[in-house]
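# Observations on the model geometry
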Amino acid sequence: MSDKTLTLDQIQDFKGKYPKQIWFMFLVEMWERFCFYGMRGVLTIFMADKLTGGLGLSEKAANLQYGTIQAFVYAFTFLGGMFADKVLGFKRSLVFGALVMIAGNFIIAMNPHDFFYLGITCSVIGTGFFKPNITSMVGFLYKDGDTRRDAGFSLFYSGINLGALLGGAVCVGLGTSKNYGWKYAFIASGTVMIIGLITFLLTKKYIQPIGNKPTADSKLDIADIENNGQVATATVPVKDNKGIWKEYAVYAVGLLAIPIILQLIKNANFTSYFMGGLAVVAVLYFIIELVRQKGEGTKSKLIAAFIFCFFYFVFETFFEQAGGSLAIFAKNNLSHNLLGAFSINPNIVNNSANSFFIIILGLVAGLVWLWLSKRKAEPNTIIKFGISFIFMALSYYCFFAIRHTANAEGTEASLGLFTFAYFLISIAEICLSPIGMSVVTKLSPKKMQGVMIGMWFLASAYGQYGAGLLGADMSSDGQVTNLQRLFEYTSGYQRMAYICVAAGIILIICSPLIKKLMREVR
């Protein structure tokens, strides 16, 4: 039987460590992450730039604006997941999101100073429709209880970081270059997103049973019953135009939201109201769906998934200093000399070191989890979360210690120690993020996977906003010397280290209770 007619069972009955479809998916996600992290890498330094066509914001305002933009990006992943689950299906949602993201990047590239807010709004909405759906489709490559799932998500996670690594280096390099400038960074982001979309359109035939419209899935279920339990192949024609108006209505809502989100992003003070309102809606929606569940143990597993989402929010609040305060800190306080070997822009390190380490650690972690699992010695997911917070604490203590390596003016601080701190952050991330996405899909019923992945990214949205608030709290609203900035930021990083230690200890202590809620899921 050809790949074009693979059934879901045949896809899930793969031999070896990984299904071949996961390679197609991380290629698509790799280009999207190039686009996203390329833009993220230049975001704060572009907004704080007063000399070469940036927005000229103060450091406090740039940190807060960064948190606002990133919060909206991830908040829309929750809404995008909901629309995909109920109306569009993963595939249509992904294509629509990619097109809007491409438009956003090229709008900014036309005139970064004047069109930034309009273009970034398109990117916010596009990412919301794109991001949760490719992750959800990866979850469908595995049967329930398949111990290879964590390894698959770790591979997927390390693969997509190749895009983040390239995007961070290329876009920061182009944006800060005297020969190119900011617009070329956004052109690069838009161009690779086109490549990602083309890649998906050419390879989606290999995942035909996955990600179709909800109405199409229901027709396939009927075909299964009528064929005496035989799974219908992807070549069975499925046509249901009754809900076509809902699909176009979703597209219209996404586009009509642009002027509203534009105003919310430009006026960061409104963000707290929006985030508060969205939190109420998200929690109420979760509670309603929780009450509706009738399967044995489903409710307790969803509660466990919600707990994981909450601690992911806490994690992201500290992790996302990378795009905010750490970007400004790298630009103004760090040496360009790495290990005495070569000169490099510190913001390329800031935006790419994490991805570089994740690519290596992700492959190693996937094999380690498999090796430990076979020997029944793998730590459970809650313990992994606790370990991640301990490593995060160690990394922020390294960021604090950088103050002791600077000169009398507060500059030329150690880029080597800064890079090592990112190595520790990467260990923290690999113990939490890919495994967190994996466990959320395992704990969620199939019809709620898109929403729960969206909830995962919504937790990230609040983490992003919290990161912006923390960064703004450490920053000054006016001109500061490099020495003042050095002590302001590193003092904040020391406080973050203490909080991360506390979070890690709480998770480890509470692991028996959370494990009980998870039931058979490990």
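Quick caveat, the model's predicted, so the values are computed rather than measured.

### Some words on the overall build of the protein chain
For the protein chain, the helix and strand inventory stands at 18 helices and two strands. Relative to a compact globule of 522 residues, whose C-alpha radius of gyration would be 24 Å, the protein chain shows 22 Å and is just as compact. Across its three principal directions, the C-alpha atoms of the protein chain cover 80 × 50 × 45 Å. Every one of the 522 residues in the protein chain was classed for burial, and the buried ones make up 60%. Relative to all contacts within the protein chain whose residues are 6 or more apart in sequence, the contacts with residues 24 or more apart total 82%. Accessible area for the protein chain stands at about 20800 Å²; split by element, carbon and sulfur atoms hold 65% of it. Of the side chains in the protein chain, 44 bear a positive and 30 a negative charge, and the two mean positions are spaced by 4 Å.

### Here's the deal with the pattern of salt bridges
This model, assessed by the stated rule, comprises six salt bridges. Residue Arg292 pairs with Glu289 through a salt bridge whose shortest N-O separation is 3.5 Å. Of the two residues, Arg292 and Glu289 are both situated in helix 10 (residues 271-292); the distance of three residues between them amounts to about one turn of the helix. With relative accessibility at 6%, the residue Glu289 sits in the buried group.

### A short note on helix 9 (residues 244-266)
Across its 23 residues, helix 9 extends 34 Å between first and last C-alpha, which sits within 8% of the 33 Å expected from 1.5 Å per residue. Residue Ile258 marks the point of greatest curvature in helix 9, where the axis turns by about 40 degrees; the proline Pro259 follows within four residues. Where helix 9 is concerned, the buried positions are Glu247, Val250, Tyr251, Gly254, Ala257, Ile258, Ile261, Leu262, Leu264 and Ile265.

### Considerations on the packing of aromatic side chains
Per the stated rule, a full pass over the model turns up 35 aromatic pairs. Arranged with centres 5.4 Å apart and planes meeting at 50 degrees, the rings of Tyr397 and Phe400 form a pair that is tilted. Of the two residues, Tyr397 and Phe400 both sit in helix 14 (residues 381-401), three residues apart, roughly one turn of that helix. With relative accessibility at 45%, the residue Tyr397 sits in the partly exposed group.

### Quick look at a nonpolar patch on the surface
A cluster of nonpolar residues, Val280, Val283, Leu284, Ile287 and Val291, forms a patch on the protein surface that exposes about 420 Å² of accessible area. The class for Val283 is partly exposed, based on a relative accessible area of 36%.

### Some remarks on the nonpolar core
By size, the foremost hydrophobic cluster in this structure holds 171 residues, and its most contacted members are Phe116, Phe399, Phe418 and Trp456. With 15 residues, the top contributor of residues to this core is helix 2 (residues 21-48). Aside from chain neighbours lying at most four places away, what touches Phe399 is Leu326, Phe418, Ala421, Tyr422, Ile425, Thr490 and Tyr493.

### Brief notes about the environment of Leu326
By the secondary structure assignment, Leu326 is in helix 12 (residues 325-333). Taking the C-alpha atoms as reference points, Leu326 and Ile69, separated by 257 residues in sequence, lie 17 Å from one another.

### A few points about unusual backbone geometry
Positive phi is not limited to glycine here, since Glu412 has a value of about 55 degrees. Here Glu412 lies in the loop between helix 14 and helix 15 (415-430).

### Section: the environment of Ile134
Structurally, the position occupied by Ile134 is in helix 5 (residues 112-139). Ignoring any residue separated from it by four or fewer positions in sequence, one finds Ile134 in contact with Met25, Val28, Glu29, Leu94 and Phe156.

### A closer look at the confidence of the model for the protein chain
With 92% of its residues at a pLDDT of 70 or more, the protein chain shows a mean pLDDT of 82. Long-range and interchain partners of residues 216-239, a stretch whose pLDDT sits below 50, account for 25 contacts in this model, where long-range means more than four residues apart.

### Observations regarding helix 11 (residues 298-319)
With 22 residues, helix 11 ought to run about 32 Å at 1.5 Å a step, and its terminal C-alpha atoms sit 31 Å apart, in line with that. Taking burial as the measure, the 22 residues of helix 11 include 16 buried ones, the bulk of the element.

### Description of the side chain of Glu29
With respect to the helices and strands, the residue Glu29 is situated in helix 2. When its relative accessible area of 0% is taken as the criterion, Glu29 is described as buried. The residues contacting Glu29, other than those within four sequence positions of it, are Phe130, Lys131, Ile134, Phe156 and Ile160.

### Some points on the packing of helix 12 against helix 18 (residues 482-518)
Interhelical geometry of helix 12 versus helix 18 gives an angle of 145 degrees and a closest axis separation of 11 Å. Seen from above, helix 12 lies across helix 18 with left-handed handedness. Contacts from Ser325, Leu326, Ile328, Phe329, Asn332 and Asn333 of helix 12 reach helix 18 at Asn482, Arg485, Leu486, Tyr489, Thr490 and Tyr493. For the contact of helix 12 with helix 18, a count of residues per class yields six nonpolar, five polar and one charged.

Conventions used here
Residues numbered from 1 in each chain as written. Predicted model: local features only at pLDDT ≥ 70, side-chain atom pairs only at ≥ 80, totals over all residues. Heavy atoms only, no water. Helix = DSSP H or I, 4+ residues; strand = E, 2+ residues; numbered from the N terminus. Rg over C-alpha atoms; globule rule 2.2 N^0.38 Å. Buried < 20%, exposed > 50% of the residue type's maximum accessible area, 1.4 Å probe, protein only. Contact = heavy atoms within 4.5 Å. Areas by Shrake-Rupley, 256 points an atom, 1.4 Å probe, with all protein chains shown as cover. Lys, Arg positive; Asp, Glu negative; His and termini not counted. Charge placed at Lys NZ, Arg CZ, Asp CG, Glu CD. Salt bridge = Lys/Arg side-chain N within 4 Å of Asp/Glu carboxyl O. Expected span 1.5 Å × (residues − 1). Bend = angle between axes of the 7 residues up to and from the residue. Phe/Tyr/Trp six-rings, centres within 6.5 Å; stacked < 30°, edge-to-face > 60°. Patch = residues over 30% accessible without salt bridge, like charges linked within 9 Å, V, L, I, M, F, W, Y side chains within 5 Å. Core = buried A, V, L, I, M, F, W, Y, C linked by side-chain atoms within 4.5 Å. pLDDT = per-residue confidence, 0-100. Axes fitted to C-alpha atoms, helices over the stretch in contact; angles between N-to-C directions. Left-handed = near helix turned anticlockwise from the far one by under 90°. Nonpolar A, V, L, I, M, F, W, Y, C, P; charged D, E, K, R; others polar.

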